[in-house]
Amino acid sequence: MVNLGLFSGSKSLKSVNVSFRLPYFTQWGQSILVCGSEPVLGSWNVKKGLLLSPIHEGDELIWSGSVAVPSGFNCEYSYYVVDGDKNVLRCEMGRKRKLLLADGIQDGEVVEFHDLWQIGSDDLPFRSAFKNVIFNRSWTLNVETPLGVIQNKLDEEAETVLVQFKICCPNIEEDTSVYVIGSHINLGKWKVQDGLKLSYAGDSIWQGDCVLRKVDLPIKYPSCKYGKAGNFSLETGPNRELIVGSSKNQPRYIFLSDGMFRELPWRAAGVAIPMFSVRSESDLGVGEFLDLKLVVDWAVDSGFHLVQLLPINDTSVHGMWWDSYPYSSLSVFALHPLYLRVQALSENIPDDIKQEILKAKQRLDGKDVDYEATMATKLSIAKKIFTREKDLILSSESFQKFFSENEDWLKPYAAFCFLRDFFETSDHSEWGRFSQFSKDKLEKLVAKDSLQYDVICFHYYIQFHLHLQLSEAAGYARKKGVVLKGDLPIGVDRNSVDTWVYPNLFRMNTATGAPPDYFDKNGQNWGFPTYNWEEMSKDNYAWWQARLTQMANYFTAYRIDHILGFFRIWELPEHAMTGLVGKFRPSIPLSQEELEKEGIWDFDRLSRPYIRQELLQDKFGSYWTFIASTFLNEYQKQCYEFKEECNTEKKIAAKLKACAERSLLLESENKTRRGLFDLLQNIVLIRDPEDPRKFYPRFNLEDTSSFNDLDDHSKNVLKRLYYDYYFHRQEDLWRKNALKTLPVLLNSSDMLACGEDLGLIPSCVHPVMQELGLIGLRIQRMPSEPGLEFGIPSQYSYMTVCAPSCHDCSTLRAWWEEDEERRRRFFKSVVGSDILPPSQCVPEVAHFIIRQHVEAPSMWAIFPLQDLMALKEEYTTRPAAEETINDPTNPKHYWRFRVHVTLESLIKDSELKSTIKDLVRGSGRSHPVGENEVQVNEESVATTEKQQVTTGKEQLLVVTQLNGAPQKEIPVVH
């Protein structure tokens, strides 16, 4: 039995009462919870966190709650939206909050933390694109007052409160201070010089405290920046307000976390160019990583803060020009040998190899990239240099460091390349005992005493030098204030290192694509296996985290290819060649029970190809009898089905090829294939291969004769269920799916993330992207708004990248020249003119469209280099169609476009650079500062010329904005 007398003489434990206060509008059944790193706040177990209570204050819903903690307590914490069982529905984005109780706070005091919910965009200034590149300072900002320190003391008088103001201000000029001003004497009575000067607390946080009387509360206040020469800029938006609740335990200390300093939105511009499209005087038939230094120089001279590339990973799957497709990775970690500069491999290249390089430069300096010849030449030359210097390089300290940091992916990659070449195929199912990956087999393959060790080391050597060259270019870009933006492909090739090493992470019996959209009315089939997200989640998506970590070695921003795939992916059977007959994964299917309740019974009729003799005659004419006898069986009179040996698209293609080789076809192979595919796709419902009682409506089912031959009741039911499946029932599922996966990507690195959100967009996509701080994409000819033919750049939201074109569509010039009627409609609705537009995209037209985009509210305006070159007539002599990078309707497109002008020539063209820079500066967008140039902070610096108009007790401050555009007066009411 416990002796309670042991405690009779001890003092009672004292504590500080910490209260949390957060304005946030929840939905019915939702609550706010605070969870943190210490046991009193759940030790990051949300189920054990502190549940807050709601109360209405004016127009706001305030959530609050309190907990007792010891003096000097400190922890990290975050807020969560939870349901009635404390399941997380939404969590804050950005960095964890810090709670640090200052030493001066005595036991028994009440301390209140006033917070604002953090969304993804609040974290953007701390992404490497801004923190390490754009806002990177050449001067040092020393910590003046660390977090958790208060500078004033409370009076003994009970009716006073100590208020600490804290604000985040990452973009600040040298010799500039941050102030809080207001009507109270301690806040300067609206005079900036007499306001509360905040101290730098590190990590872009500014804080300061003062003592106020409770009778003076509530107060309204803004923050402002105050620089040398008396220049200052006030926060935009309404004044902030400090309100104290009406609880019995009134706080003596209030810590205000006011989020970000509100400025006119920061905006900038950039250029997009595939690595392979760059042309320089030093390259060998294709753009190379070291050419990026020239691209950066041109970008800086033209006023651009960003250079965007297509994917640069190794795609050497087939050993031919098909590998020019940059989105089909052989490895998501390895860089592409195509971009290697062989001249930079050694300082001691012998004369005979130098001569070989010179001859190769002349031979490969063509209009387009010769992928196969360029790859063969570079690898041949690199092998000769490797043979001479392998011992020196492989034993060097720099190589050993690279190897130790990358061996987890480098060894499997080198082994894969060896086996690919040995078996003459990347299809690892044909590699005999090496088909199944194991670490034991891998170690034997890469062992130093193996016969193939030199071959293995050659692949190490190539990757090492690619790393050095890209790292050099990336470092140069950062130094020049230019963001290097990479591209994260949605898939990997099914015959890749990743599917060999991690087969459990992929659904190998499926293929990835996109349903019919702007790019292709028949849908797209990219051939990549879909992801096994359930399996990936078991180790918290470690493969994705490693992939993003690797990418961040070189890039400070990235584009998430087909971000819709993280909500749901268009999944096709592996035997499909087109992208039409697919289904979304994940998705809620139509159940057999659901259909039967609606009076739909004949599932075989709806889910098998509907082929009638009349349809065959209509589609193939007199040729129909050959089609029927070769590919079909007549299972009842005038009703047909495909034979077993040709009941998939791949089987049809194989049989057609055999018929063509025997000269049996009366019409072209392509036309016949298209007709047979149409028959195969003539279905209404797709039966789930894993559960025959589940069905998915075929996309555009109303276009099929199978649908049109149904009775009216069946048609009406199926149309209703079709729209429910594609546009309603999946939204919550897809939202939850994205909120599981996308935050992992965002938290895997500090790169700035942009999402390519083109195509068939579910309604949940844009709210989730906004919540996570993901920047969307807007292409003028592909408006996301219904009923518009052309997007209106002036109406784009801030969290977007805007562009007149992209690599997946024709260039601005080609688009302009493709369609006369569309050109007239554009000229009338966008330009606002009824006159006949020019048939060519003359520089004046290009200038108008580019100006529209730089003046848009979008954070970034990024232009393909081809569109920028259209600003000068001498660069438009090449046929516009030749400047197209990709044709999405052609799965075997040759990605080989090269700019027809060298970078050195473009750098010398002061006229073009000046035209572009004037557009950028005139729009108020930020631009890199040249060596002899001083840039005004165009977004927020205000002149000291101001008018103060007395309006009762408050004043109206009119700030004149200097942003390179016509000056506007912005009234700010205090």
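About the thresholds
- For every chain, the first residue of its written sequence is number 1, and the numbers climb from 1 along that sequence.
- For this predicted model, a pLDDT threshold of at least 70 governs which residues receive local features, and a threshold of 80 or more governs which side-chain atom pairs are given and counted, while totals over whole chains, interfaces and linings are taken from all residues.
- No hydrogens and no water enter the side-chain calculation; it runs on all heavy atoms of the structure.
- Pairing between strands is defined by DSSP: at least two bridges between the two strands are required.
- The way it works is that DSSP assigns letters per residue, a run of H or I at least four long becomes a helix, a run of E at least two long becomes a strand, and they are numbered from the N terminus.
- Helix axes use the C-alpha atoms of the stretch in contact, all axes being lines fitted to C-alpha atoms, and the angles between their N-to-C directions lie in the range 0 to 180 degrees.
- Here, a salt bridge means any side-chain nitrogen of Lys or Arg that lies within 4 Å of a carboxyl oxygen of Asp or Glu.
- Categorising residues by exposure relies on relative accessible area from a 1.4 Å probe, with only protein chains included: less than 20% of the type maximum marks a residue as buried, more than 50% marks it as exposed, and the intermediate range marks it as partly exposed.
- What is meant by a nonpolar core is a set of buried Ala, Val, Leu, Ile, Met, Phe, Trp, Tyr and Cys residues, joined one to another through side-chain atoms within 4.5 Å.
- What makes two residues a contact is simply this: any of their non-hydrogen atoms within 4.5 Å.
- Two aromatic rings, drawn from Phe, Tyr or Trp (for Trp, its six-membered ring), form a pair once their centres lie within 6.5 Å of each other, and the interplanar angle then sorts them: stacked below 30 degrees, edge-to-face above 60, tilted otherwise.
- A positively charged side chain is recorded as over a ring if its NZ (Lys) or CZ (Arg) lies within 6 Å of the ring centre. The angle to the ring normal must also be within 35 degrees.
- Oblique is the label for every angle not falling under 35 degrees (roughly parallel), over 145 degrees (roughly antiparallel), or within 65 to 115 degrees (roughly perpendicular).
- Under this grouping Gly is polar, as are all residues other than the nonpolar Ala, Val, Leu, Ile, Met, Phe, Trp, Tyr, Cys and Pro and the charged Asp, Glu, Lys and Arg.
- The method works on a 1 Å grid over the protein atoms by themselves. A cavity is a set of points holding a 1.4 Å probe that cannot get out, a pocket is an open set with protein on both sides within 12 Å along at least five of seven lines, and residues with an atom within 4 Å of a point line them.
- Grid points are joined across faces, edges and corners, and a volume is the space filled by probe spheres set on the points.

Student: Help me understand the sheet that holds strand S37 (residues 776–779) in this model?
Tutor: To summarise the sheet geometry, strands pair through backbone hydrogen bonds and adopt either a parallel or an antiparallel arrangement. Pairing is parallel in the open sheet, where eight strands are placed in the order S36-S27-S22-S21-S20-S39-S38-S37. One side of each edge strand has no neighbouring strand; the edge strands of this open sheet are strand S36 (752–755) and S37. Direction aside, neighbouring strands of the sheet carry axes that sit 25° apart on average. Across five bridges, strand S20 (residues 268–272) lies against strand S39 (residues 860–864) in parallel orientation. If you follow Gly-270 over to S39, its bridge partner there is Ile-862.

Student: Could you clarify how one ought to interpret the sheet that holds strand S28 (residues 569–573) in this entry?
Tutor: If you trace the four strands from one edge of the open sheet to the other, you get S25-S24-S28-S29, paired in antiparallel fashion. If you trace the sheet from one side to the other, it starts and ends with strand S25 (524–525) and strand S29 (583–585), each paired once. Direction of pairing for strand S24 (residues 510–514) relative to S25: antiparallel, over a ladder of two bridges. Opposite Ala-514, over in S25, you have Gln-524 as the bridge partner.

Student: Whenever I open this one, the pattern of salt bridges confuses me. Can you help?
Tutor: Two side chains that carry opposite charge are able to pair once their charged atoms sit near each other. Applying the stated criterion across every chain yields a total of 62 salt bridges. Linking Lys-736 and Asp-732 is a salt bridge whose minimum nitrogen-to-oxygen distance equals 3.1 Å. Note that Lys-736 and Asp-732 are positioned in helix H19 (residues 731–747) at a spacing of four residues, about one turn of the helix. We classify Asp-732 as partly exposed; its relative accessible area is 43%. When salt bridges with common partners are traced through the structure, they connect Arg-507, Glu-571, Lys-583, Arg-585 and Glu-690 into a single cluster.

Student: What's the story with the environment of Val-215 in this structure? I'm lost.
Tutor: Note that Val-215 resides in the loop between strand S14 (205–213) and strand S15 (219–221). Expressed as a C-alpha distance, the spacing of Val-215 and Asp-688, which sit 473 residues apart in the sequence, is 69 Å.

Student: Just checking my understanding: could you explain the nonpolar core for this structure?
Tutor: Most often, soluble globular proteins have nonpolar side chains that are buried together. Phe-304, Trp-543, Trp-544 and Tyr-558 are the most contacted members of the largest nonpolar core, which totals 183 residues. Contacts of Phe-304, omitting those with residues within four sequence positions, involve Ala-269, Gly-270, Val-271, Trp-298, Ala-299, Val-482, Phe-863, Leu-868, Ile-916, Val-920 and Pro-928. If you look at the next biggest cluster of nonpolar residues, it comprises 32 residues, including Tyr-24, Ile-32, Cys-75 and Tyr-79.

Student: Would you explain the packing of aromatic side chains in this entry?
Tutor: Inspection of every chain in the model, using the stated rule, returns 67 aromatic pairs. Seen in terms of ring centroids, Phe-437 and Trp-500 are 5.0 Å apart; in terms of plane orientation they differ by 75°. Their pairing is edge-to-face. Note that Phe-437 is positioned in the loop between helix H5 (397–423) and helix H6 (439–445) and Trp-500 in helix H8 (residues 497–501), a separation of 63 residues in sequence. Relative accessible area serves as the criterion here: at 22%, Phe-437 is assigned to the partly exposed category. Ring centres of Trp-815 and Phe-826 lie 5.5 Å apart, and the angle between their planes is 85°; this geometry places the pair in the edge-to-face category. Highlighted residues: Trp-815 in helix H21 (residues 812–818) and Phe-826 in helix H22 (residues 820–831), separated in sequence by 11 residues. Assigned by exposure class, Trp-815 and Phe-826 land together as buried. Each residue in the set Trp-570, Phe-584, Tyr-696, Phe-699, Tyr-722, Tyr-723, Tyr-725, Tyr-726, Phe-727 and Trp-734 is aromatic and connected to the rest through ring pairs, giving one cluster. Over the face of the ring belonging to Phe-126 we find Arg-95, whose NZ or CZ atom lies 3.5 Å from the ring centre. Lying across the ring of Trp-734, Arg-568 places its NZ or CZ 5.4 Å from the centre.

Student: Got a minute to help me understand the pairing of strand S38 (residues 800–803) in this structure?
Tutor: Looking along a regular strand, one sees side chains alternate from face to face of the sheet. Burial of the side chains of S38 extends over both faces: Thr-800 and Cys-802 are buried on one face and Val-801 and Ala-803 on the other. Two elements, S37 and S38, share four bridges in a ladder whose sense is parallel. Across the sheet, Ile-779 pairs through a bridge with Ala-803, a residue of S38. Of the pairings in the sheet, the one linking S38 to S39 comprises two bridges and is parallel in character. Within S39, the residue paired with Val-801 across the bridge is Trp-860.

Student: Just checking my understanding: could you explain the packing of helix H13 (residues 613–620) against helix H14 (residues 624–631) for this structure?
Tutor: Any two packed helices are characterised by the angle at which their axes cross and by the distance between the axes. As a packed pair, H13 and H14 sit with axes 8 Å apart at the nearest point and diverge in direction by 120°. Between H13 and H14, the interaxial angle falls into the category oblique. Contacts from Gln-613, Leu-616, Gln-617 and Phe-620 of H13 reach H14 at Trp-624, Ile-627 and Ala-628. Of the residues in the contact of H13 with H14, the class split is five nonpolar, two polar and no charged.

Student: What is the right way to look at unusual backbone geometry in this model?
Tutor: For residues that are not glycine, phi is negative in most cases, and the peptide bond is trans in most cases. Cis geometry marks the peptide bond from Leu-217 to Pro-218, where omega comes out at 0°. Within the secondary structure, Pro-218 sits in the loop between S14 and S15. You will see that Asp-175, though not glycine, has its phi angle at about 60°, which is positive. Its location among the elements puts Asp-175 in the loop between strand S10 (160–168) and strand S11 (177–180). Residue classification places Asp-175 among the exposed positions, given a relative accessible area of 51%.

Student: Got a minute to help me understand empty space enclosed by the protein in this structure?
Tutor: Unfilled space is identified by rolling a water-sized probe across the atoms. Inspection of the entire model under this criterion finds eight cavities of 30 Å³ or more. Within this model, the largest cavity holds a volume of roughly 130 Å³. Every element with two or more residues in the lining of the largest cavity is listed here: strand S22 (483–488) and helix H10 (542–551). With three residues, H10 is the largest single contributor of residues to the lining of the largest cavity. Tallied by class, residues from the lining of the largest cavity come to eight nonpolar, two polar and two charged.

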